[in-house]
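# Structural overview
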Amino acid sequence: MSEVRVRFAPSPTGYLHIGGARTALYNYLFAKATKGTFVLRIEDTDLERSTKEFEALQILDLKWLGLEYDEGPDKPGKYGPYRQSERLEIYQKYALQLIEQGKAFYCFCSEEELEAMKEKATREGRPPHYEGKWRNPEFFEEAAARLAAGEKPSIRFRAPNKPYVLNDHVRGRVVYPENMVGDFVIVRSSGLPVYNYCCVVDDVEMKITHVIRGEDHLSNTVRQLMIYEALSATPPEFAHVSLLIGQDRQKLSKRHGATAVVNYKEESYLPGAALNYLCLLGWSHPEEKDIFTKEELIPFFNLERFSKSPAIYDIEKFKWVNGQHLKLMNESELRNQTEKFIEKDHLYWAQSDEWKTNAFKLFKDSMLFFNDFARVVQENVFQIDESFDDKAKEILAMPTTKDLATHWNAELNLISSSDKFLSQANFQKIFDKIKTALQLKGKPLFMGTRLSLTGKDHGPELKDLIPLTPVDVMKKRCQKILSFSAQ
Ligand code: GLU
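Residues numbered from 1 in each chain as written. Predicted model: local features only at pLDDT ≥ 70, side-chain atom pairs only at ≥ 80, totals over all residues. Heavy atoms only, no water.

A cluster of nonpolar side chains, contributed by Y15, L57 and L60, occupies part of the molecular surface with about 290 Å² of accessible area. By secondary structure assignment, the location of L60 is in helix α2 (residues 52–65). (Patch = residues over 30% accessible without salt bridge, like charges linked within 9 Å, V, L, I, M, F, W, Y side chains within 5 Å. Areas by Shrake-Rupley, 256 points an atom, 1.4 Å probe, with all protein chains shown as cover. Salt bridge = Lys/Arg side-chain N within 4 Å of Asp/Glu carboxyl O. Helix = DSSP H or I, 4+ residues; strand = E, 2+ residues; numbered from the N terminus.)

This is the structure in structure tokens:
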């Protein structure tokens, strides 16, 4: 196989979408796995919708994800420029060549004429293909004269009337029957070329060997195969990966949550986790692994493990993958990053280093995101809950819970006000004392103590949690229980 060259070809008409990021990822991985080249090509011929700002933002997102390309608008290579708006002369050159060879022709039809042609065909039960006079060689002279007089025609490709076959890495053998498409425009009368045409010219010129993209492009491929043939170029290999859908099986959209990569960046997802999750949307690891780093993945990546069925986007799984990637980080790095997400006025910052270290040890595993940590600490350590959930209410209803809260409240009141916290040993001592005094054991003892001191029916082990919880918070929690039970 000649050197693999793949490309990601976004249109800069919006933010980088997770579907686009997945396409970029597959191309990147394939280039890395085959020691090939990954090209970024900006498809900005839709001048009205394309902006330099979106191009810059999409590049930022690709870089955040770690999808470094080898050639692109800001990475000169042999086959540049890499922005289609800067390649108009190249498209013009090929279009003239196709016209000379009779494979394309100038078309002067007006919008109205085209519309009338379509309506007539539909009325007569024929496909709405172009049947205008300009495809006919006897009008070529007239066309040349009108062109010379300054009129601006479009350029239409003469679509061969025969079937085309695509052997796709994902979809298998795809047959496009004859007469599926009529003569189509490749250069608009404004002089701007259309996607199907530029894409092929660029893929030929840039020596692209494999095209990995979304299944939604499958219907474009027949036109593209025609153009490759007309240019006497061998088409690249294709892999049309399945679409992303929501859990309701509808096309992925904003309704299913954030769809722009930048939203995930802002919500503190790890780029490595995003790549991991996106990769699994439509591709599976040969060893059935679902957590891996980009580097671990590269040796396993190939085009044969794509799934044919649509990939269901599941935000809960994405969050879980993020949590798993936090666990892969080394502890000091994780703590460093986590602390960046704790607001400066959070009570965390008012505590000793030892306290912070212990809090980090205790809560780090409950994080799915960096910014979970501050919330989890707040809820477990500093917060006096306003209400109780159903499970907590059951414990509250146990007759012994009020006794426990009363005893704990009394014991905590005996602690000197200079002692902000209760040591593990002192906690154990008081616990044993109350247990003996009340003659309690088992669930009523443990659950009642937990609810009294933490305000919750579940959480980390008391022996770890209590020494981190301020005594005055625990007192208030006991009082809360007592005021509730009294009602
Ligand atoms: N600009 C096209 C898109 O964003 C590229 C499609 C292709 O990869 O050929 O969908």
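Alright, that's what it looks like, and here's the rest.
Near the ligand the following residues occur: R7, A9, S11, E43, Y195, C199, R213 and H217. Here a nitrogen atom of the ligand sits 2.6 Å away from a polar atom, N or O, in the side chain of E43. The contact in question runs from an oxygen atom of the ligand to an N or O atom on the side chain of Y195, over 2.6 Å. The fraction of the free accessible surface of the ligand (300 Å²) that becomes covered by protein chains is 78%. Grouping the amino acids of the shell around the ligand by side-chain chemistry returns 3 nonpolar, 2 polar and 3 charged. (Near = heavy atom within 4 Å. Polar contact = N/O pair within 3.5 Å; in protein donor to acceptor, adjacent residues only side chain to side chain. Nonpolar A, V, L, I, M, F, W, Y, C, P; charged D, E, K, R; others polar.)

A separate point is the packing of aromatic side chains. Enumeration over the complete set of coordinates arrives at 27 aromatic pairs. Their ring planes at 45 degrees and their centres at 6.0 Å tell us that F427 and F431 sit as a pair that is tilted. Residue F427 and its partner F431 are both found in helix α17 (residues 424–438); the two are separated by 4 residues, about one turn of the helix. Side by side, F427 and F431 carry an identical accessibility label, which is buried. Taken together, the aromatic side chains of Y264, Y269, Y277, Y313, F318 and F369 make up a single cluster linked through ring pairs. (Phe/Tyr/Trp six-rings, centres within 6.5 Å; stacked < 30°, edge-to-face > 60°. Buried < 20%, exposed > 50% of the residue type's maximum accessible area, 1.4 Å probe, protein only.)

In strand β1 (residues 5–8), alternate side chains face the same way, and those of R5 and R7 on one face and V6 and F8 on the other are all buried. Bridge count for β1 against strand β2 (residues 37–40) is 4 bridges, and the pairing is parallel. The residue of β2 that forms the bridge with V6 is F38. You can see the chain leave β1, run along helix α1 (residues 18–33) and come back into β2, and the turn it takes is right-handed. (Pairing = 2+ DSSP bridges. Right-handed = clockwise from strand over helix to strand, strands pointing away.)

Counting residues in hydrophobic clusters, the biggest one holds 71 residues, and the most contacted among them are F306 and F363. Counting residues per element, this core draws most heavily on α1, which supplies 9 residues. Among residues more than four places away in sequence, those in contact with F363 are F373, V376, V377, N380, V381, P460, L465 and L468. By size, the runner-up hydrophobic cluster in this structure holds 48 residues, among which are Y79, Y164, Y197 and L225. (Core = buried A, V, L, I, M, F, W, Y, C linked by side-chain atoms within 4.5 Å. Contact = heavy atoms within 4.5 Å.)

Here the focus is the pattern of salt bridges. Applying the stated rule across the entire model yields 32 salt bridges. A salt bridge links K63 to D74; the nearest nitrogen and oxygen atoms lie 3.0 Å apart. With K63 in helix α2 and D74 in the loop between α2 and α3 (88–100), this pair connects stretches of sequence that are 11 residues apart. Residue class for K63 comes out partly exposed when judged on its relative accessible area of 34%. Ionic pairing is found between R126 and E124, a salt bridge with its closest N-O pair at 2.6 Å.

Once that is clear, we can look at the packing of α3 against helix α6 (residues 195–205). One way to put it is that α3 packs onto α6 with a least axis distance of 10 Å and a crossing angle of 100 degrees. It follows that α3 is roughly perpendicular to α6 by the angle criterion. Contacts between α3 and α6 involve I90, Y91, K93, Y94, A95 and L98 from the first element and Y197, C198, V201, D202 and E205 from the second. In the contact of α3 with α6, the residues fall into 8 nonpolar, no polar and 3 charged. (Axes fitted to C-alpha atoms, helices over the stretch in contact; angles between N-to-C directions. Parallel < 35°, antiparallel > 145°, perpendicular 65-115°, else oblique.)

Time to look at the state of the cysteines. Evaluation of the coordinates by the stated rule reveals 0 disulfides. In this model C109 remains outside any disulfide bridge; the closest cysteine sulfur is found in C107, 3.9 Å from its own. (Disulfide = S-S within 2.5 Å.)

A contiguous patch of negative charge on the surface is contributed by E111, E112, E113, E115 and E119. Looking at the element boundaries, E115 is found in helix α4 (residues 111–123). (Lys, Arg positive; Asp, Glu negative; His and termini not counted. Charge placed at Lys NZ, Arg CZ, Asp CG, Glu CD.)

Residue P81 is reached from G80 by a cis peptide bond, and omega for that bond is -5 degrees. Of note in this structure, R249 is not a glycine but carries a positive phi near 65 degrees. Classification of R249 by relative accessible area gives exposed; the value is 52%. You will see that Q439, though not glycine, has its phi angle at about 55 degrees, which is positive.

Next up on the list: the sheet that holds strand β7 (residues 184–187). If you trace the 3 strands from one edge of the open sheet to the other, you get β3-β4-β7, paired in antiparallel fashion. For this open sheet the edge positions go to β3 (104–107) and β7, each flanked by a neighbour on one side alone. Here the average twist between neighbouring strands, direction ignored, is 45 degrees. Bridge count for β3 against strand β4 (residues 154–157) is 4 bridges, and the pairing is antiparallel. Looking at the pairing, F105 lines up with R156 of β4.

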